[in-house]
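These are the residues of each chain, in order.
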Amino acid sequence: MRLSVRLHGRTHRFASVREVLGRANEPKSGDRLAGIGARSHLERIAAKHVLGELTLADLRAHPVVPLEDDEVSRVIDAGIDEEVYREIRGWSVAELRDWLLADTTSSNAIHRAGRALTAEMAAAVAKLCSNLDLVYGARKMPVVTRARTTVGLPGRLSIRLQPNHPADDPRGITASIYEGLVYGAGDALIGINPCIDEVQNVTALLRLTHDLIERWRIPTQNCVLAHVTTQMRALAAGAPMDILFQSLAGTEAANRSFGIDVALLDEARAMIGERGTLRARHLMYFETGQGSELSAGAHASADQMTLEARCYGLARRYDPFLVNTVVGFIGPEYLADGRQIVRAGLEDHFMGKLLGVPLGADACYTNHAEADQNDCDTLATMLTAAGCNYFMGVPAGDDVMLSYQCTSYHDGATLRQLLGLRPAPEFETWMVGHGLMADGRLTARAADPGWFLRQS
Amino acid sequence: MSRAVAPPGLAALLAATPARLAIGRAGPRLRARSYLRFLADHARAREAVMSEVPRSFVRALGLVEIGTRAATRAEYLAIPELGRTLAPAAVVRLQRCRRRPDVQLAITDGLSSTAVLENGAALLSGLGRRLRARGDRLGTLLFIRNGRVRVQDEIGAIIHPEIFCLLVGERPGLATAESLSAYVIFRPTRCSAEPDRTVISNIHCAGLSPQRAVRAIVDLIAEMQAYGASGTTLAEARSAAERGRPGDGTRNRRTEARAADHQPHR
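Please read all numbers here as calculations on a predicted model, not as lab measurements. (Residues numbered from 1 in each chain as written. Chains lettered and ligands numbered in written order. Predicted model: local features only at pLDDT ≥ 70, side-chain atom pairs only at ≥ 80, totals over all residues. Heavy atoms only, no water.)

### Examining the overall build of chain A
Turning to step 1, where the next piece is worked out: Within chain A, the regular secondary structure consists of 22 helices and 16 strands.
Turning to step 2, where the next piece is worked out: The principal-axis extent of the C-alpha atoms belonging to chain A is close to 75 × 45 × 45 Å.
Turning to step 3, where the next piece is worked out: Here chain A holds 456 residues, and 68% of them are scored as buried.
Turning to step 4, where the next piece is worked out: When the accessible surface of chain A is split by element, carbon and sulfur atoms take 49% of a total near 14700 Å².
Turning to step 5, where the next piece is worked out: Charge centroids of chain A, computed over 46 positive and 55 negative side chains, lie 4 Å from each other. (Helix = DSSP H or I, 4+ residues; strand = E, 2+ residues; numbered from the N terminus. Buried < 20%, exposed > 50% of the residue type's maximum accessible area, 1.4 Å probe, protein only. Areas by Shrake-Rupley, 256 points an atom, 1.4 Å probe, with all protein chains shown as cover. Lys, Arg positive; Asp, Glu negative; His and termini not counted. Charge placed at Lys NZ, Arg CZ, Asp CG, Glu CD.)

Shown next, in the form of structure tokens:
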């Protein structure tokens, strides 16, 4: 294993695989804050050269957090398909990259290879990709999941309806759901971020969405994004829950700061299977985001992009229905501006898909980042071209509970019509049946929330 | 684009949320008016984050200004640790401030100068009046420029207050840029952690009004004095007293997600 390279007459040496991974990252404020990003542009490129020559076996032997110290490392390593791994362990990262992009490499072949990859390998190959490489490569990696709707099919784009309210008011939430549905949002999920993380409130919101879905026979699923332990208590008390949510981080220590570990997630997965409303294989929903480990002081001197890939490696254990990065939400100390947010969003989607996880994205930004809605538009358009499974849908892109901006109901409809994509097939049938959509486009009757009240 | 007459009942639903609903469309896009409204609200939020609280405002309220190691807003945003640590001159200035008060009050810009300008005066004067009326001895009123929540601990280690209430400008949303949070802690030290604080958030005219917030904060301070605790310890003591048995470690709500120093979990 060689950790140095001579470039333009200068030798660059690195102390470890972890250091190479950190220095090879595109510029991110979080890596700079942690003191592990490249100190010069040339050093960054030198690290990419070194990384390109490492083999997959080198990366497996050097996870950014040692197996003995971290259960996330152990979960990912234990999940490797050893038979496939033996076929590709000698490949260099550069060879893997070119193989992924080659015309002769099929989606099925990538899907099979992905089962032998650790998070560090997925992160490494993405560090050798330009933005367009990440878009083109990810497009070859569809990951399809199924609950009441089928999400991630080629030619389809889904939307998680996010009808948040600053006080969890049921009428206000209902109004946002009505508006979202008549724009064609909600085929991935109707998922509420609760303001009040308490069993009684979570149960009430689950009942509200469950009853609405039943009454209008909408092919979709409900979820209230409280802490997993609150949702488990609600489930135990009989709340009607389709999908179970939790935020993930890429190290055991950071997950502990979230109040979770693998044992708890295992228990949660078993519980939603037994007590949830759906009898399906895909029942979990995870959110992630570059920088959460550093913000918890638990980044183990690893770069935020590799740690993000480890979240997907952990998610893989649970065969989730939905996984998305909340890419611009963690804050400008981790992703400073629109350029960094766009880059990270493309990386996250690519890495997740390569690891076989059904990636969607919350293309978003907070008001203390150097970013605006134009950056959100750019990222969402590129990710749609990349085959992203779903985006968020929020009224006019303004989340009045979480106080940040992301993609709107309008954006979901626009992205579909722009690139000729349809909603999930079951949901499209529902829209067409009610005259809200025809030939993949909103009808004149669509986009009016009063439609629901006129039907009753 | 013409639309059918709104059915009865819709107005009541729409009135129950500040979300931007029933705004129509231009093709699949926002109409010009909605788009321009959105841009105006974003510009206001950016202004709240990036602008400075004028020194004249600090003087007019009779506050003593101290600074953190973050010299500019840009530094403050890029390197959170700087906003949690006092500048050397601030440490010197604090030596001359009143020690061991019953209650130390302070305000910091955090992520919104606008919040301080809009609601700071009403909160500080209301709190001062009510606390003095209860017989509490107050510390020197402080304004901390470019501060984050944890700067409370370093100040606490110098001043040694019984209770420390720090008002912090919250990360602005499009709906309001005027929201503050109160972080209240019993006997802060350099070793204090997030669960040691009790937070009252969403303080602004359209949320928890400054008048109601003053009452809530004073009640909270009285409770902390009675129990000799804050944060999760206070919550446990409170529920133990209510149920007559040991506490069950009540979880904090996540309403602090917008506050300046809180990790926004989703």
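### A few points about the overall build of chain B
Turning to step 1, where the next piece is worked out: Across its full length, chain B carries ten helices and six strands.
Turning to step 2, where the next piece is worked out: For chain B, the proportion of contacts with a sequence separation of at least 24, taken over those separated by at least 6, is 68%.
Turning to step 3, where the next piece is worked out: Accessible surface, chain B as shown: approximately 11500 Å² in total, 53% of it carbon and sulfur. (Contact = heavy atoms within 4.5 Å.)

### Observations concerning the nonpolar core
One broad trend across soluble globular proteins is that nonpolar side chains are buried collectively.
Turning to step 1, where the next piece is worked out: Counting residues in each nonpolar core, the largest one holds 168 residues, and the members touching the most others are Tyr285(A), Phe350(A), Leu354(A) and Phe391(A).
Turning to step 2, where the next piece is worked out: With sequence-adjacent residues up to four places away left out, Phe391(A) is seen in contact with Leu157(A), Ser158(A), Ile159(A), Arg160(A), Ala361(A), Ala380(A), Leu383(A), Thr384(A), Thr407(A) and Leu415(A). (Core = buried A, V, L, I, M, F, W, Y, C linked by side-chain atoms within 4.5 Å.)

### Some points on the interface of chain A and chain B
Turning to step 1, where the next piece is worked out: Chain A puts 71 residues into the contact, and the matching count from chain B is 48 residues.
Turning to step 2, where the next piece is worked out: Taken together, the two surfaces of chain A and chain B that pack against each other cover about 4900 Å², and 57% of this comes from carbon and sulfur.
Turning to step 3, where the next piece is worked out: Note that Arg46(B) and Glu370(A) form a salt bridge whose closest N and O atoms lie 2.6 Å from each other.
Turning to step 4, where the next piece is worked out: In this structure, the connection of chain A to chain B is made through 15 residue pairs in polar contact (both at pLDDT 80 or more). (Buried area = accessible area lost by both parts, 1.4 Å probe. Salt bridge = Lys/Arg side-chain N within 4 Å of Asp/Glu carboxyl O. Polar contact = N/O pair within 3.5 Å; in protein donor to acceptor, adjacent residues only side chain to side chain.)

### Digging into the packing of helix H5 (residues 71–78) of chain A against helix H17 (residues 304–316) of chain A
Two quantities define a packed helix pair, namely the angle between the helix axes and the distance between the axes.
Residue and element names in this part refer to chain A.
Turning to step 1, where the next piece is worked out: For the pair H5 and H17, the least separation of the axes is 9 Å and the interaxial angle reads 60°. Here H5 lies oblique to H17, going by the angle between them. The handedness of the crossing between H5 and H17 is left-handed. For the pair H5 and H17, contact is made by Val-72, Ser-73, Val-75 and Ile-76 and by Arg-310, Gly-313, Leu-314 and Arg-316, respectively.
Turning to step 2, where the next piece is worked out: Class assignment of the residues belonging to the contact of H5 with H17 gives a composition of four nonpolar, two polar and two charged. (Axes fitted to C-alpha atoms, helices over the stretch in contact; angles between N-to-C directions. Parallel < 35°, antiparallel > 145°, perpendicular 65-115°, else oblique. Left-handed = near helix turned anticlockwise from the far one by under 90°. Nonpolar A, V, L, I, M, F, W, Y, C, P; charged D, E, K, R; others polar.)

### Here's the deal with the layout of surface pockets
Turning to step 1, where the next piece is worked out: Empty space within the second largest pocket amounts to approximately 540 Å³.
Turning to step 2, where the next piece is worked out: At the level of elements, helix H1 (17–23) and helix H2 (29–33) of chain A together with helix H2 (32–50) and helix H4 (73–78) of chain B are the ones that each hand at least two residues to the lining of the second largest pocket.
Turning to step 3, where the next piece is worked out: For the lining of the second largest pocket, the element with the most residues is H2(A), which contributes four residues.
Turning to step 4, where the next piece is worked out: Class assignment for the residues of the lining of the second largest pocket results in eleven nonpolar, seven polar and ten charged. (1 Å grid on protein atoms, 1.4 Å probe; cavity = no way out; pocket = protein on both sides within 12 Å on 5 of 7 lines; lining within 4 Å. Points joined across faces, edges and corners; volume = space filled by probe spheres on them.)

### Observations regarding the sheet that holds strand S6 (residues 197–203) of chain B
All names here are of chain B.
Turning to step 1, where the next piece is worked out: Pairing is mixed in the open sheet, where six strands are placed in the order S1-S3-S2-S4-S5-S6. Unpaired on one side and paired on the other, strand S1 (64–67) and S6 mark the two borders of the sheet. For this sheet the average axis-to-axis angle between neighbouring strands, irrespective of direction, equals 20°.
Turning to step 2, where the next piece is worked out: Where S1 lies against strand S3 (residues 142–145), four bridges are found, and the strand directions are parallel. Bridge pairing in S3 links Val-64 to Leu-142.
Turning to step 3, where the next piece is worked out: Contacts from helix H7 (residues 113–133) reach strand S2 (103–108), S3, strand S4 (163–169), strand S5 (180–186) and S6 within the one sheet, and its direction differs from that of S2 by about 170°. (Pairing = 2+ DSSP bridges.)

### Thoughts on the confidence of the model for chain B
Residue and element names in this part refer to chain B.
Turning to step 1, where the next piece is worked out: The predicted model of chain B has a mean per-residue pLDDT of 90, with 90% of residues at 70 or higher.
Turning to step 2, where the next piece is worked out: Considering only residues more than four positions removed or in separate chains, one finds that residues 245–266, a stretch of pLDDT under 50, has 68 contacts.
Turning to step 3, where the next piece is worked out: Taken over the whole predicted complex, pTM reads 0.93, whereas the ipTM for its chain interfaces reads 0.95. (pLDDT = per-residue confidence, 0-100.)

### Describing the environment of Gln225(B)
All names here are of chain B.
Turning to step 1, where the next piece is worked out: Considering the arrangement of structural elements, one finds Gln-225 in helix H9 (residues 210–227).
Turning to step 2, where the next piece is worked out: For Gln-225, a relative accessible area of 28% corresponds to the partly exposed category.
Turning to step 3, where the next piece is worked out: Through-space distance from the C-alpha of Gln-225 to that of Val-151 is 22 Å; in sequence the pair is 74 residues apart.
Turning to step 4, where the next piece is worked out: Those residues in contact with Gln-225 that sit more than four places away from it in its chain are Val-103, Arg-134, Asp-136 and Ile-163.
Turning to step 5, where the next piece is worked out: Polar side-chain contacts of Gln-225 include one of 3.2 Å to the side chain of Arg-134.

### Considering the packing of aromatic side chains
Residues and elements named next belong to chain A.
Turning to step 1, where the next piece is worked out: One pass over the structure, following the stated rule, counts ten aromatic pairs over all chains.
Turning to step 2, where the next piece is worked out: Each ring, one from Trp-216 and one from Trp-451, has its centre 6.1 Å from the other, and the planes form 45°; the classification is tilted. Note that Trp-216 is positioned in the loop between helix H12 (199–215) and strand S7 (222–224) and Trp-451 in helix H22 (residues 450–455), a separation of 235 residues in sequence.
Turning to step 3, where the next piece is worked out: Assessed through its relative accessible area of 11%, Trp-216 is described here as buried.
Turning to step 4, where the next piece is worked out: The exposure class of Trp-451 is buried, given its relative accessible area of 3%.
Turning to step 5, where the next piece is worked out: Here the aromatic rings of Phe-427 and Trp-430 are separated by 5.7 Å at their centres, their planes lie at 35°, and the arrangement is tilted. You can see Phe-427 and its partner Trp-430 sitting in helix H21 (residues 425–433), three residues apart, about one turn around the helix.
Turning to step 6, where the next piece is worked out: On the basis of relative accessible area, Phe-427 is assigned to the buried category, the value being 0%.
Turning to step 7, where the next piece is worked out: Joined through ring pairs, the aromatic side chains of Tyr-178, Trp-216, Trp-451 and Phe-452 make up one cluster.
Turning to step 8, where the next piece is worked out: The ring of Tyr-85 has Arg-60 sitting right over it, with the charged end atom 4.6 Å from the ring centre. (Phe/Tyr/Trp six-rings, centres within 6.5 Å; stacked < 30°, edge-to-face > 60°. Lys NZ or Arg CZ within 6 Å of the ring centre and 35° of its normal.)

### Quick look at the pairing of strand S5 (residues 158–161) of chain A
Along any regular strand the residues' side chains alternate between the sheet's two faces.
All names here are of chain A.
Turning to step 1, where the next piece is worked out: Every second residue of S5 is oriented toward a common face, with Ser-158 and Arg-160 on one face and Ile-159 and Leu-161 on the other, all of them buried.
Turning to step 2, where the next piece is worked out: Judged from the four bridges that link them, S5 and strand S12 (residues 390–393) form a sheet pairing that is parallel. Its bridge partner lying in S12, Ile-159 is registered against Phe-391.
Turning to step 3, where the next piece is worked out: Summarising the sheet, S5 and strand S6 (residues 189–192) pair through two bridges and their orientation is parallel. When the sheet's bridge partners are listed, Leu-161 is paired in S6 with Ile-190.
Turning to step 4, where the next piece is worked out: Since S5 and S6 lie parallel, the crossover through helix H11 (residues 170–182) that links them has a hand, and here it is right-handed. (Right-handed = clockwise from strand over helix to strand, strands pointing away.)

### Comments concerning unusual backbone geometry
Turning to step 1, where the next piece is worked out: Although it is not a glycine, Ser403(A) sits at a positive phi angle of roughly 55°.
Turning to step 2, where the next piece is worked out: Its place among the elements puts Ser403(A) in the loop between strand S13 (398–399) and strand S14 (404–405).
Turning to step 3, where the next piece is worked out: Overall, Ser403(A) belongs to the buried group, its relative accessible area being 8%.
Turning to step 4, where the next piece is worked out: In the Ramachandran plot, Arg100(B) falls in the positive-phi region, its phi being about 45° despite a non-glycine side chain.
Turning to step 5, where the next piece is worked out: In this structure, Arg100(B) sits in the loop between helix H6 (88–95) and S2.

### Some remarks on a positive patch on the surface
All names here are of chain B.
Turning to step 1, where the next piece is worked out: There is a patch of like positive charges on the surface, built from Arg-129, Arg-130, Arg-212 and Arg-215.
Turning to step 2, where the next piece is worked out: Among the secondary structure elements, those contributing two or more residues to the positive patch are H7 and H9.
Turning to step 3, where the next piece is worked out: Checked against the element boundaries, Arg-129 lands in helix H7. (Patch = residues over 30% accessible without salt bridge, like charges linked within 9 Å, V, L, I, M, F, W, Y side chains within 5 Å.)

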